[in-house]
Amino acid sequence: MSQVMVMEGSEAVAMAVKGSRPQVIASYPISPQTHIVERLAGMLADGEMDVQYLKVESEFSAASAVSGASAAGSRAYTASSSQGLLLMTEVLYASAGLRLPFVMTGVNRTVSAPISIQVDHQDTMSLRDSGVIQLFVESTQEAYDTHIAAFKVAEDPHILLPVMVCMDGWILTHSYERVAMIEQEKIDRFLPPFKPANFLDPLNPKTWGSIGEENVLMELRYSIQRAMELGKSRIKEVFSELAEITGRDHGGLIEAYKTEGAEIILVAMGSMAGTIKAAVNALRSKGEKVGLVKIRCFRPFPYEDIWNAIKGARAVAVIDANLSMGSEGAVCMDLKAKLYGKTNAPAVIDVIAGLGGREVNEATIQDIVEKAKESLHSDYSLKEPYWAGLNEAIVP
Amino acid sequence: MKLVAGGVVKGGTSLDYKTGSWRDQRPVIRLELCTQCGRCEMVCPDSAVHYVEDVYVIDVDYCKGCGLCAYECQSEAIEMVKEEK
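Caption draft 1: Quick peek at the overall build of chain A. Secondary structure summary: chain A contains twelve helices and 16 strands in total. Here chain A has a C-alpha radius of gyration of 21 Å; the compact-globule value for 396 residues is 21 Å, and the two agree. Over its C-alpha atoms, taken along the principal directions, chain A stretches across nearly 70 × 55 × 45 Å. Across the 396 residues that make up chain A, the buried fraction comes to 50%. Here the contacts in chain A between residues at least 6 apart in sequence split such that 80% fall between residues at least 24 apart.

Structure (structure tokens):
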């Protein structure tokens, strides 16, 4: 029997990391990520796990340390948030380029200025183009399961890329939920020790990070793109392999929730999906044909799966908890680009919501659904994003 | 040649690349002033100074002409001379 416990989201992540048997952890604290690495340090101190735990002097060093550990053939883990992820950015582009398959938690928090420790997806979005795989989770249980799957995805010989599990700060990291643990022997069977074909070996010297210019760089970039594209089916396989063990199926690259026969479909990522499901249920009980596509895997972007879920709808509202300033929300941009040229594609509106921790509740979702309905009667796709809950009166 | 994912290449190949061609000035050791203290060999970032048959010599295949040896030489026995073709 697997053990079910009530625990904080951060602890659930720490338990998943412990169960995955990393050999190296590099940690530098930042809210709301701190509890995760604090709990892991506690497990080490209490003799519950055997790991090289590096207390480094910055997030730049944390990303560098796990990159080095991974190149040396170790399973490695780190975590950060907000400004910390921005400081890691320079390293993470290189980690992906060097095909170093460590796992990290990107605890979603907005970035300065103004300074705020509240949740939105602006921080991990800054790593959108880095080559790091990004998996988003809705609940604490999904965070636990996804971290274990993430190591297997990262270390797949056809993928070999860092994987970041993105989870909403505070809402998931600091709330207590019921979490079912997976027995250690089942995790061990699912996730055998990391044995890379290439690693830093003094007996067989190899060079990581040598110069590679106009004659090879494009090919190496293309190989990452191809690993991402081919990785989609592998990620789905890993998810279903784990679902078979746990009996919990969170979905594949996306979760399509009540999209069958839906006229209006909302697209979202992260914990907001839980609120949207409640709103969808309420609207469905009133006879409104509304559904949700929750994106679980943002990079690689699962446009085929999204298209299959939304192609029967009349309008799609993409709720972006991020903004590419001067354009629109990043998820909406991706989706609209992939819909270009599709016949009978639904109208798409972009909704900016939940920035800097602004509450997104059922009323917000109902408001967004009303906007989506309006789009059926006008060419909304070409308009600016709709800012849900914006207080126009105080805009400077 | 097919690339390896991550651009991983064979290690220990620095001797295959004769980087001395980057140089625009070369160190010349005046042996009559040299006290054989070995400082030039110690500071050379390219390991291009060697002690061969009781004297220090510059390996011009790898010396990039940075001038650290001349700067550090306490006896002023090393002079940087412009490379000319």
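What follows picks up the thread again.
Caption draft 2: Representation of the interface of chain A and chain B. Counting from both sides, the interface comprises 15 residues of chain A and, opposite them, ten residues of chain B. Counting residues per element, the ones that place at least two in the side of chain A that touches chain B are β9 (206–207) and α8 (217–246) of chain A. Ranked by residues supplied to the side of chain A that touches chain B, first place goes to α8(A) with three residues. The residue makeup of the side of chain A that touches chain B, split by class, is six nonpolar, six polar and three charged. When β9(A) meets strand β1 (residues 9–10) of chain B, the two strands line up antiparallel, connected through two bridges. Each bridged residue has a counterpart across the sheet, and for Thr207(A) the counterpart in β1(B) is Val9(B).

Caption draft 3: Layout of the sheet that holds strand β6 (residues 133–136) of chain A. All names here are of chain A. Taken together, seven strands build an open sheet; the order of strands is β3-β2-β4-β5-β7-β6-β13 and the sheet is mixed. Each of the sheet's edge strands pairs with one partner strand only, and the pair in question is β3 (52–55) and β13 (297–299). Averaged over all pairs of adjacent strands, the angle between strand axes in this sheet comes to 20°, irrespective of strand direction. Judged from the four bridges that link them, β6 and strand β7 (residues 163–168) form a sheet pairing that is parallel. Among the inter-strand pairings, Gln134 is bridged to a residue of β7, identified as Met164. Strands β2 (24–27), β3, β4 (76–81) and β5 (103–108) of the sheet are contacted by helix α2 (residues 34–45), whose axis makes an angle of about 135° with β2. Here helix α6 (residues 140–155) sits on the sheet and contacts β5, β6 and β7; the angle it forms with β7, its principal contact strand, is near 165°.

Caption draft 4: Structural context of the packing of helix α3 (residues 59–71) of chain A against helix α4 (residues 82–97) of chain A. All names here are of chain A. One way to put it is that α3 packs onto α4 with a least axis distance of 7 Å and a crossing angle of 30°. Looking at the two axes, α3 sits roughly parallel to α4. As α3 runs across α4, the sense of the crossing is right-handed. Listed contacts from α4 to Glu59, Phe60, Ala62, Ala63, Ser64 and Ser67 of α3 are Gly84, Leu87, Met88, Val91, Leu92 and Ser95.

Reading the values: the criteria
Residues numbered from 1 in each chain as written. Chains lettered and ligands numbered in written order. Predicted model: local features only at pLDDT ≥ 70, side-chain atom pairs only at ≥ 80, totals over all residues. Helix = DSSP H or I, 4+ residues; strand = E, 2+ residues; numbered from the N terminus. Rg over C-alpha atoms; globule rule 2.2 N^0.38 Å. Buried ≥ 20, exposed ≤ 12 C-beta atoms within 10 Å, placed from the backbone. Contact = placed C-beta atoms within 7 Å. Nonpolar A, V, L, I, M, F, W, Y, C, P; charged D, E, K, R; others polar. Pairing = 2+ DSSP bridges. Axes fitted to C-alpha atoms, helices over the stretch in contact; angles between N-to-C directions. Parallel < 35°, antiparallel > 145°, perpendicular 65-115°, else oblique. Left-handed = near helix turned anticlockwise from the far one by under 90°.

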